[in-house]
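Coordinates in review
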2 protein chains.
Amino acid sequence: MITISIDAMGGDFGPAVVIPGAAKSLDRHPELRFLFYGQEDKVLPVLDRYEKLKKASRFEHCDIAVSMDDKPSQALRRGRWKSSMWKAIEAVKTGDADTCVSAGNTGALMAMSKFCLRTMADIERPAIAAIWPTLRGESIVLDVGATIGADAQQLVDFSVMGAAMARALIEVSRPTVGLLNVGVEEIKGQEEVKEAGRLLREADLGTLDYLGFVEGDDLGKGTVDVVVTEGFSGNIALKTAEGTAKQIAEYLRAAMSRTLMARIGYLLARGAFNRLRDKMDPRKVNGGVFLGLNGIVIKSHGGTDDEGFAAAIDVGYDMVRNSLLEKIETDLQNFHGRRARGGASSDAPGQTSG
Amino acid sequence: MITISIDAMGGDFGPAVVIPGAAKSLDRHPELRFLFYGQEDKVLPVLDRYEKLKKASRFEHCDIAVSMDDKPSQALRRGRWKSSMWKAIEAVKTGDADTCVSAGNTGALMAMSKFCLRTMADIERPAIAAIWPTLRGESIVLDVGATIGADAQQLVDFSVMGAAMARALIEVSRPTVGLLNVGVEEIKGQEEVKEAGRLLREADLGTLDYLGFVEGDDLGKGTVDVVVTEGFSGNIALKTAEGTAKQIAEYLRAAMSRTLMARIGYLLARGAFNRLRDKMDPRKVNGGVFLGLNGIVIKSHGGTDDEGFAAAIDVGYDMVRNSLLEKIETDLQNFHGRRARGGASSDAPGQTSG
């Protein structure tokens, strides 16, 4: 049994999308249990329509709902201890839930998650990891917007955490990792990126295979399983890719409706177009994963529908089932432990057995 | 008459692409004249095949050709004063040519251009501006990789130069400008980006209309005419968009060849697909423009064909015809002059008439 706590008020549509989404995910994973938090007059009428889901869930009323345009500081001030978003996160802290899913606003969700769950022992800053569809399957890209800038050590920590997530999500035993960089020779790269590359090469970790620098066009190719960068460029890459996909879909739509022949062709090839739409469907890969906190929090797109929200729950389900948090804890401990011992050994080369 | 100096050895294919490309551009703009620099045994046999072009051009032999993987420092050491790349740039400096086009390697071309042409009086660092196809037409995005990082003043200078290029290229009288940023509230933006926004708002320039921050998905939408960012995130955005476009084209190809119905549909809608391919054709918008130097240098994709190289020449032609360099000089002078006077006026409010 896996229990997922859900901020039922999150997202552009609140319970109207969240509840049907949970029902869909429950159909796929009958061992799921849900804890819903929200305003009862808004949540219960919807929940009543899903009998199976209702039986598999518990509901708790919260007066306060964080709005989609609350600033993180406002959200914390208004919503700490009592909002549906806070309660959902807190359930992970108390152990009532295994993971939390919210379609609420990213800044508020991250601020509350940090405040409630705190960062892991060796981690200074959390990251948001996105699942990126590629020509080879799926990659993980982080950080796509938790914090701006990252020093070399933080990039290395992102690499370790991203690789743990790849092992949990796409089930490769030793994921390949690349650092996002630019390809102009000699001005190549920020100092932190170069230094992170050096650290990763030297660390020679058993849990990941560091392949070097990758560039923006490697994202879609799926050159590596995990692409690591700091939050500014990661966020810009993510939104640029989304924007380009929409732009091309728009070109395609315009082209296909322009002449009668094109329209007939479109009808005949409809199956193929549906397949393409499926491939490009942003709902299929909905769910940004907050990494580096003492608990897993999944952020769903705010504007998604029930199918998209179900996908975010599925991500949470996979992360719990594949013990993501434990994987990250072990990997970070091994890595930081080894680094600490490595440091000691160079001072006292005779005492490395401990 | 507009004279364009060309590094005939540049690019993956050298004269085999450069010469036919120039011939194509000459067909479109008969007032063009060319100065070709390169190794005579490689260039002349190709040039001999294009009689009209041969009449409209002059050729100068150079022993040295910068290779596609020379590092900038190597290229400078080996190729300064004498390589075909250097000679083509130098022709702009001496006034023999109005602009220079090369498909040679970006780092070397930028290093030589800086060394030969020097940056403009008020400019610390040059930028590479890309022409970005959008749902509204075309936008200009800079810097896509000349330098990593930029302070607020440099971002403002990029804005002024990008707006001048927009006036030259897409012929809008007061282009809209946005600063590329991330959308997560409160952690929003690097300090330099925020400060640049403040400077642009306060400067209230007549030559551009500053609209505030934009995000990655605004690039494809064409929300503003000019998107300004530093070279690291700009390069990543550019390559991510190129990669995503290729990825979707690949999905489309796979979908359309999967079933007989899809293949028939494809045949009927072929005109529409060609239109789409046309829209997505990266050759159509080939040509990165180096801004901030005492001369205009156009960088063509190294791997492009003659059609793509002709497009890069067309960009150079437009830039010269529409007096890009003079526009930039005037705008920067007005801006920096005004800023200097503005600064003086706050110290001595009675003496602002000069």
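Look up a bit, the structure's there.
Residues numbered from 1 in each chain as written. Chains lettered and ligands numbered in written order. Predicted model: local features only at pLDDT ≥ 70, side-chain atom pairs only at ≥ 80, totals over all residues. Heavy atoms only, no water.

1. Here's the deal with the overall build of chain A
The helix and strand inventory of chain A stands at 14 helices and 11 strands. Rg of the C-alpha trace for chain A: 22 Å, near the compact-globule value of 20 Å for 354 residues, within the 12% margin. Taken along its principal axes, the extent of the C-alpha atoms in chain A is 70 × 55 × 35 Å. Nonlocal contacts in chain A, meaning residues at least 24 apart in sequence, comprise 72% of its contacts between residues at least 6 apart. Here chain A displays about 14,400 Å² of accessible surface, and carbon together with sulfur accounts for 49% of that area. (Helix = DSSP H or I, 4+ residues; strand = E, 2+ residues; numbered from the N terminus. Rg over C-alpha atoms; globule rule 2.2 N^0.38 Å. Contact = heavy atoms within 4.5 Å. Areas by Shrake-Rupley, 256 points an atom, 1.4 Å probe, with all protein chains shown as cover.)

2. Description of the sheet that holds strand E11 (residues 296–299) of chain B
Residue and element names in this part refer to chain B. The 11 strands lie next to each other as E3-E2-E1-E4-E11-E10-E5-E6-E9-E7-E8, forming an open sheet whose pairing is mixed. Pairing within the sheet leaves two strands with one partner each, and these edge strands are strand E3 (57–61) and strand E8 (209–214). On average, adjacent strands in this sheet sit at an angle of 25 degrees to one another, irrespective of strand direction. As defined by bridge partners, strand E10 (residues 288–291) adjoins E11 across three bridges and the pair is classed as antiparallel. Pairing of phenylalanine 290 across the sheet is with valine 297, part of E11. The sheet strands contacting helix H5 (residues 84–94) are strand E1 (2–7), strand E2 (32–38), E3, strand E4 (99–102) and E11, and the helix crosses E1 at an angle near 160 degrees. The strands touched by helix H7 (residues 152–169) are strand E5 (127–134), strand E6 (137–142), strand E7 (176–180), strand E9 (226–228) and E10; relative to E6, the strand with the most contacts, the crossing angle is about 150 degrees. (Pairing = 2+ DSSP bridges. Axes fitted to C-alpha atoms, helices over the stretch in contact; angles between N-to-C directions.)

3. Things to note about unusual backbone geometry
All names here are of chain A. The omega torsion of the bond from leucine 142 to aspartate 143 falls at 0 degrees, within 30 degrees of zero and hence cis. Among the secondary structure elements, aspartate 143 is positioned in the loop between strand E6 (137–142) and helix H7 (152–169). Look at serine 323: it is not a glycine, yet its phi comes out positive at around 50 degrees. Residue placement: serine 323 occurs in the loop between helix H13 (306–321) and helix H14 (324–347).

4. Some remarks on the relation of the copies chain B and chain A
By a simple turn and slide, chain B fits onto chain A: the slide is 0.0 Å along the axis, the RMSD is 0.0 Å, and the turn is 180 degrees. Both copies of the chain, as the preceding transformation shows, are related through a two-fold rotation axis. Scanning chain B for the C-alpha nearest the rotation axis identifies glycine 265 of chain B, at a separation of 1.8 Å. Same-surface contact between copies: 100% of interface residues of chain B are shared with the interface of chain A. (Least-squares fit on C-alpha atoms with pLDDT ≥ 70 in both.)

5. Here's the deal with the packing of H5 of chain B against helix H6 (residues 106–117) of chain B
Residue and element names in this part refer to chain B. At a closest axis distance of 10 Å, the pairing of H5 and H6 adopts a crossing angle of 40 degrees. Like other packed secondary-structure pairs, H5 and H6 cross with a definite hand, here right-handed. For the pair H5 and H6, the contacting residues are Met85, Trp86, Ile89, Glu90, Val92 and Lys93 in the first and Ala108, Leu109, Met112, Ser113, Phe115, Cys116 and Leu117 in the second. Counted by class, the contact of H5 with H6 contains 10 nonpolar, one polar and two charged residues. (Left-handed = near helix turned anticlockwise from the far one by under 90°. Nonpolar A, V, L, I, M, F, W, Y, C, P; charged D, E, K, R; others polar.)

6. Things to note about the state of the cysteines
Residues and elements named next belong to chain A. The final tally for this structure, using the stated rule, is zero disulfides over all chains. Cysteine 62 forms no disulfide, and the closest cysteine sulfur to it belongs to cysteine 100, at a distance of 12 Å. You can call cysteine 62 buried: its relative accessible area is 2%. (Disulfide = S-S within 2.5 Å. Buried < 20%, exposed > 50% of the residue type's maximum accessible area, 1.4 Å probe, protein only.)

7. With respect to the sheet that holds E6 of chain A
Here we have 11 strands laid out as an open sheet, ordered E3-E2-E1-E4-E11-E10-E5-E6-E9-E7-E8 (chain A), and mixed in their pairing. The open sheet terminates on both sides in strands that have one partner only, identified here as strand E3 (57–61) and strand E8 (209–214) of chain A. Mean inter-strand twist for the sheet, computed between neighbouring axes without regard to direction, equals 25 degrees. Packing of helix H10 (residues 231–256) of chain B onto the sheet brings it into contact with strand E5 (127–134) and strand E7 (176–180) of chain A, and relative to E5 of chain A it is tilted by some 35 degrees.

8. A short note on the interface of chain B and chain A
Chain B puts 61 residues into the contact, and the matching count from chain A is 61 residues. Interface area, chain B with chain A, both sides summed: about 5,300 Å², of which 73% is carbon and sulfur. Applying the counting rule to chain B against chain A returns two salt bridges. Taking the shortest distance from any N to any O, the salt bridge between glutamate 215 of chain B and lysine 239 of chain A comes out at 2.3 Å. Taken together, the links from chain B to chain A amount to eight residue pairs in polar contact (both at pLDDT 80 or more). (Buried area = accessible area lost by both parts, 1.4 Å probe. Salt bridge = Lys/Arg side-chain N within 4 Å of Asp/Glu carboxyl O. Polar contact = N/O pair within 3.5 Å; in protein donor to acceptor, adjacent residues only side chain to side chain.)

9. Concerning the environment of phenylalanine 59 of chain B
Residues and elements named next belong to chain B. The topology assignment puts phenylalanine 59 in strand E3. In this structure phenylalanine 59 comes out as partly exposed when scored by relative accessible area, which is 23%. Remark: the alpha-carbon pair of phenylalanine 59 and phenylalanine 36, spanning 23 residues in sequence, is separated by 4.7 Å. Not counting residues up to four positions away in its chain, the partners in contact with phenylalanine 59 are Phe36, Tyr37, Gly38, Gln39, Glu40, Val43 and Leu44.

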